[in-house]
Amino acid sequence: MASDLETKAKEAFIDDHFELALDLYSQAIELSPKKAELYADRAQANIKLNNLTEAVSDANKAIELDSSLSKAYLRKATACMKLEEYQTAKAALETGAALAPGESRFSKLIKECEECIAEETGDLQKHTLEEVETSAVPAKEVEPDKDVPDPVPVAPPKPTYRHEFYQKPDEVVVTIFAKGIPRECVFVDYGEQILSVAINAPGKDAYRFQPRLFGKIIPDKCRYDVLSTKVEIRLAKAEPIQWTSLEFSREVAVPQRVNVSSVTTTQRPVYPSSKTKRVDWDKLEAQVKKDEKDEKLDGDAALNKFFRDIYKDADEDTRRAMQKSFVESNGTVLSTNWKEVGAKKVEGSPPDGMELKKWEY
């Protein structure tokens, strides 16, 4: 019974057996997937285990099932604050405080969020990205221990759906290749620097994707579309910086700001690639055209190219004159004078030593 598992999970949590509590809550959720309390309590276990993105996902699911459950907002805010998502945490706390006016933890955490936001804003004003100088610090060389065997690599479990991303100066587009998924089976939520995606399609394994993003986004401007072959998520960047990856990493250097004013609307998006050398296709195309223009031809090929260049750069009357004279003379005359050609039929003029012969059909 789900109630028995829930009771055992709460006892395990009180005894600080958080992993056991997490496992028991998960078993209870399988039996009662529509009970919001279970998701909110599992979120608390995930917070204790530092599974912060999973905690946010559980809290969001609890809110989806029961929007009046105040502790779900508290769980979401706690996890977001640990992720330094202070704006998202504050919004959740304000909603929870309205549902539970007598709960002092909400007002206390709201004040803490406001202090963190003010401090963060002050730091941003004091230090702009252009003024930050990054330098690579070489890692300290450690003498390997020959007596310790090499660890056996363990392949991570293959996700249900593949995903990839590309970016523009003002947004990042995440594509999840999930084919034939009904829109009602897709749940997407945005935080200040977090993305939460859940896909629960009938007959398929549940899919969860909750990365902490490389940079901050504007949740109100983000959107997603469920198409026949994929789910496309558009994340609005809070700052016009180049994301070197989709997910946050403390080892990545401070990115450079993109000069949006210098980017034209026709600029192609930047796609991630495993190749170390990138091909500039625009430059390659220009070089091919230049080579074609500078190509040295002989004989009939050179003559044909000469006529093609004349026709390409000519005005309308000149083109008409060239077409009419060439057709009416059976290919023996090519004139560019429309005033002369347009007034009469152009007779054939064979080369010296040759005779113009009319064929009867």
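Computed from a predicted structure; not experimentally measured.

This part takes up the packing of aromatic side chains. With the rule as written, the count across this model stands at 3 aromatic pairs. Ring geometry for tyrosine 161 versus tyrosine 207: centroids 5.3 Å apart, planes at 70 degrees, classification edge-to-face. Here tyrosine 207 lies in strand β5 (residues 207–209) and tyrosine 161 lies in the loop between α7 (104–126) and β1 (162–167), a separation of 46 residues in the sequence. Like tyrosine 207, tyrosine 161 is buried. Looking at arginine 162, its charged tip hangs above the ring of phenylalanine 177, at a distance of 4.1 Å from the centre. Above the face of the phenylalanine 248 ring, arginine 212 is positioned so that its terminal group lies 4.3 Å from the ring centre.

A separate point is the sheet that holds strand β4 (residues 195–199). Think of a sheet as strands paired side by side through backbone hydrogen bonds, with each pair either parallel or antiparallel. Taken together, the 3 strands give an open sheet; going across it, the order is β3-β4-β5, and neighbouring strands pair in antiparallel fashion. What marks the edges here is a single partner per strand, and that holds for β3 (186–190) and β5. Between one strand axis and the next, the sheet turns through 5 degrees on average, direction left out of account. Relative to β4, β3 runs antiparallel, the two being bridged by 5 bridges. Within β4, the residue paired with valine 188 across the bridge is valine 197. Contacting β3, β4 and β5, helix α4 (residues 52–65) crosses the sheet at an angle of about 115 degrees to β3.

What follows deals with the pattern of salt bridges. Inspection of the entire model under this criterion finds 19 salt bridges. We note a salt bridge from lysine 71 to glutamate 37, for which the minimum N-O separation is 2.8 Å. In this pair, lysine 71 sits in helix α5 (residues 70–82) while glutamate 37 sits in helix α3 (residues 36–48), placing the two residues 34 residues apart along the sequence. Glutamate 192 is the salt-bridge partner of lysine 216, the closest N and O atoms lying 3.2 Å from each other. With lysine 216 in the loop between β5 and β6 (223–226) and glutamate 192 in the loop between β3 and β4, this pair connects stretches of sequence that are 24 residues apart. Through salt bridges with shared partners, a single ionic network connects Lys168, Glu171, Lys230, Glu232 and Arg234.

This part is about the sheet that holds strand β7 (residues 231–236). Taken together, 4 strands build an open sheet; the order of strands is β1-β2-β7-β6 and the sheet is antiparallel. Lying at the two open borders of the sheet, with one neighbouring strand each, are β1 and β6. Here the strands of the sheet are splayed against their neighbours by 15 degrees on average, with no regard to which way each runs. In the sheet, strand β2 (residues 171–177) pairs with β7 via 6 bridges, with the strands oriented antiparallel. Within the sheet, the bridge partner assigned to isoleucine 176 lies in β7 and is valine 231.

Parameters and conventions
- Residues numbered from 1 in each chain as written.
- Predicted model: local features only at pLDDT ≥ 70, side-chain atom pairs only at ≥ 80, totals over all residues.
- Heavy atoms only, no water.
- Phe/Tyr/Trp six-rings, centres within 6.5 Å; stacked < 30°, edge-to-face > 60°.
- Helix = DSSP H or I, 4+ residues; strand = E, 2+ residues; numbered from the N terminus.
- Buried < 20%, exposed > 50% of the residue type's maximum accessible area, 1.4 Å probe, protein only.
- Lys NZ or Arg CZ within 6 Å of the ring centre and 35° of its normal.
- Pairing = 2+ DSSP bridges.
- Axes fitted to C-alpha atoms, helices over the stretch in contact; angles between N-to-C directions.
- Contact = heavy atoms within 4.5 Å.
- Salt bridge = Lys/Arg side-chain N within 4 Å of Asp/Glu carboxyl O.

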